[in-house]
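# Secondary and tertiary structure notes
The primary structure of each chain is shown beneath.
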Amino acid sequence: MTTISAKIDNNDKSSFERICDSMGINISSAINAFVKATIRENGMPFALKAAEDPYVYSEENMKYLRESINQIETGKGQVHELKEIL
């Protein structure tokens, strides 16, 4: 046997511990189950996904762009100088 140490948020630990308690297992048993599942799957035993990119196509983004273009075309837009920061 060996010991693994990890730092996690206090609130996350409390929530995790409550869930483990409700299932009748301790944190060590839950982590061991995760390790065994990872070995069995030869990878994470669940899908990992990146957060959605807020700049991808969406109707909300297109609406914002149309409004911005309209402001520029009607002379209501504001020009900003870009400054290079080294």
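This one's a predicted model, so the numbers in the text were calculated from it and none came from an experiment.

The next subject is a nonpolar patch on the surface. A cluster of nonpolar side chains, contributed by Phe16, Ile31, Phe34, Val35, Ile39, Met44, Phe46 and Leu48, occupies part of the molecular surface with about 750 Å² of accessible area. Residue position: Ile39 is located in helix α2 (residues 27-41). Of the residues examined, Ile39 reaches a relative accessible area of 60% and is grouped as exposed.

Another aspect to go through is helix α1 (residues 10-23). Under the 1.5 Å per step criterion, the end-to-end length of α1 is 20 Å for 14 residues, consistent within 8% with the ideal 20 Å. If you check the start of α1, you find a side-chain oxygen 2.9 Å away from the backbone N of Asn11, and it comes from Asp9. The positive-phi residue at the C-terminal boundary of α1 is Gly24, with phi of around 80°.

Our focus in this paragraph is the pattern of salt bridges. Inspection of the entire model under this criterion finds three salt bridges. Across the pair Glu41 and Arg40 runs a salt bridge, and its minimum N-O distance is 3.8 Å. For Glu41, a relative accessible area of 46% puts it in the partly exposed group. One salt bridge connects Glu59 with Arg66, and the closest N-O pair in it is separated by 2.5 Å. According to the relative accessible area criterion, Arg66 is partly exposed, its value standing at 45%.

This next bit is on unusual backbone geometry. Excluding glycine, residues mostly carry a negative phi; peptide bonds, for their part, are mostly trans. For Asn42, which is not glycine, the phi torsion reads 55° and is therefore positive. Here Asn42 shows up in the loop between α2 and α3 (59-73). By relative accessible area, which is 76% here, Asn42 ends up exposed.

Our focus in this paragraph is the confidence of the model for the protein chain. Mean pLDDT for the protein chain: 89, with 99% of residues reaching 70 or above. Highest mean pLDDT in the protein chain belongs to α2 (96); lowest belongs to α3 (88).

The computed volume of the largest pocket comes to approximately 590 Å³. Lining the largest pocket are 16 residues; nearest its centre among them are Ile4, Ile27, Ser28, Ile31 and Asn32. Residue contributions to the lining of the largest pocket peak at six residues, all from α2. When its residues are assigned to classes, the lining of the largest pocket shows nine nonpolar, five polar and two charged.

Conventions and cut-offs
- Residues numbered from 1 in each chain as written.
- Predicted model: local features only at pLDDT ≥ 70, side-chain atom pairs only at ≥ 80, totals over all residues.
- Heavy atoms only, no water.
- Patch = residues over 30% accessible without salt bridge, like charges linked within 9 Å, V, L, I, M, F, W, Y side chains within 5 Å.
- Areas by Shrake-Rupley, 256 points an atom, 1.4 Å probe, with all protein chains shown as cover.
- Salt bridge = Lys/Arg side-chain N within 4 Å of Asp/Glu carboxyl O.
- Helix = DSSP H or I, 4+ residues; strand = E, 2+ residues; numbered from the N terminus.
- Buried < 20%, exposed > 50% of the residue type's maximum accessible area, 1.4 Å probe, protein only.
- Expected span 1.5 Å × (residues − 1).
- Polar contact = N/O pair within 3.5 Å; in protein donor to acceptor, adjacent residues only side chain to side chain.
- pLDDT = per-residue confidence, 0-100.
- 1 Å grid on protein atoms, 1.4 Å probe; cavity = no way out; pocket = protein on both sides within 12 Å on 5 of 7 lines; lining within 4 Å.
- Points joined across faces, edges and corners; volume = space filled by probe spheres on them.
- Nonpolar A, V, L, I, M, F, W, Y, C, P; charged D, E, K, R; others polar.

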